[in-house]
Amino acid sequence: MKSDSSVHREAGSLAGIVPSVNLAAEPGRMDFYERARALRLAPLWRVLHGLVTDRPAPRCVPAIWRYAEVRPYLMEACKLISAEEAERRVMVLENPGLPGESRITQSLFAGLQIILPGEIAPAHKHVASALRFIIEGRNAYTAVAGERTMMEPGDFVITPSMTWHDHGNEGDAPMVWLDGLDMHIVNLMCASFREGYPGRVHPLDRPEGAAAAEAGHNLLPVDASYASQTSPIFNYPYRRTRETLDQLARFRAADPWHAHKMKYINPVNGGWAMPTMSTWMQLIPKGFETTAYRSTDSAIFTVVEGTGSSRIGGESFDWGPHDIFVAPSWAAHQHRASSDAVIFIYSDRVVQEKLDFWRELKSPA
Ligand code: GTQ
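Numbering of residues starts from 1 in each chain and follows the order in which that chain's sequence is written. Only residues with pLDDT of 70 or above have their local features reported here, since the model is predicted, and side-chain atom pairs are shown and tallied only from 80 upward, although totals for entire chains, interfaces and linings are computed over all residues. Note that the side-chain values use all heavy atoms of the structure and ignore hydrogens as well as water.

Enquirer: Provide a residue-level description of the sheet that holds strand E9 (residues 165-169), including the pertinent values.
Expert: At least two DSSP bridges between two strands are needed for those strands to be called paired. Put simply, DSSP H or I for four residues or longer makes a helix, DSSP E for two residues or longer makes a strand, and each gets a number counted from the N terminus. Read from one edge of the open sheet, five strands run E7-E6-E9-E4-E11, paired in antiparallel fashion. Unpaired on one side and paired on the other, strand E7 (147-151) and strand E11 (194-196) mark the two borders of the sheet. Ignoring strand direction, the axes of neighbouring strands in this sheet form an average angle of 25°. Pairing between strand E6 (residues 140-144) and E7: five bridges, direction antiparallel. With axes taken as lines fitted to C-alpha atoms, and helix axes fitted only over the stretch in contact, angles between N-to-C directions fall between 0 and 180 degrees.

Dropping the structure here:
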């Protein structure tokens, strides 16, 4: 039995070779290839079609993490290591097609972070941006650039690039959230910096709710200027998102491919809330089935409410609250809700759009 990696290498080299190359003539070229290699030269015609593929060829595969199965491991991690010792006590969601790489898709990271009552995850900052999607618990905060926000289930919270942040749980129950980070994109460009704060927590210099007052109500301070490309709103509360979807569904027909799907936006420029990760919240009404859809951005889905099932690249997954699943780039996927379902989604679409890479394909409705 061959190892996966040798199969991958062989398949990769055959897939990479240009079809016009006469394989029978290759042995006679080996001596040239060897001598060229010593000069750090390689023949493109043996790898071209593996580099410039005729369609997306993700190693990322469809996968699901069921919260009921994962949660006991989060609790067990709490017995083994403190938030302080771990710096961030996170169990990484590893795509089975990318084992050991801390990737849920080829470009993005996902992990479940848990913080117990009284614990603090100490302050640090890094070039990588983070999103937090709150799964369970109350009365825990994240502090970002001198302002705290209390986090509630379903809230979408942003930690912009290179801002000091620490997390603390002041409640009496564990707090769990999904972390989505773009460090693989940062690392692709070798642009990473990270710094620990000399104290456990960074000082607060703005009252809780300041960012929401300044930017969260379709009003901006007349004298404000914004250098960052990240939304100045750093907590998009679930209560308002849920209410919006609910109202929308009462007067707007569900889209065949997206049902009711709203994107989180930056009020400063109307664009995506974050410069590296697109985010949405989707409502699929009970009994509704979306039409097959594919796009070049691999997407991570977190179920907030409801139950249903999805077909992703020919595989079927049943899901319920807090389950997390992945649709790889260009894999056709469709969802069916057996009760009103609310799903939080993030992907690298915003990056692909900026680079003119992004494409979608809608199957006929
Ligand atoms: O909370 O700052 O899941 O820096 C991975 C890296 C969370 C965080 C992660 C991080 C954080």
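Here the narrative resumes.
Enquirer: Tell me what's going on with the confidence of the model for the chain, and back it up with residues and numbers.
Expert: In this model, the chain carries a mean pLDDT of 95, and residues with pLDDT of at least 70 account for 96%. In the model, residues 1-12 has pLDDT below 50 throughout and makes three contacts with residues more than four positions away in sequence or in other chains. Residue-level confidence of the predictor is what pLDDT reports, using numbers from 0 through 100. Contacts are residue-level and defined by heavy atoms, with any inter-residue pair within 4.5 Å sufficient.

Enquirer: Tell me about the environment of Glu 69, and name the residues and values.
Expert: Position of Glu 69 relative to the elements: it lies in helix H4 (residues 67-80). Note on classification: 1.4 Å probe, protein chains only; a residue is buried when its accessible area is under 20% of the maximum for its type, exposed when over 50%, partly exposed between these limits. Assessed through its relative accessible area of 56%, Glu 69 is described here as exposed. On a C-alpha basis, the gap between Glu 69 and Asp 323 in space is 9.5 Å, while along the polypeptide they are 254 residues apart.

Enquirer: Tell me about the sheet that holds strand E3 (residues 109-115), and name the residues and values.
Expert: Taken in spatial order, the six strands of this open sheet run E2-E3-E10-E5-E8-E12, and their pairing is antiparallel. This sheet does not close on itself; its edge strands, each paired only once, are strand E2 (90-92) and strand E12 (235-236). Here E2 runs beside E3; their pairing, made up of three bridges, is antiparallel. Each residue of the ladder has a partner; that of Val 90, found in E3, is Gln 113. Sheet strands touched by H4: E2, E3, strand E5 (130-136) and strand E10 (175-181). Its angle to E3, the strand with the most contacts, is close to 55°.

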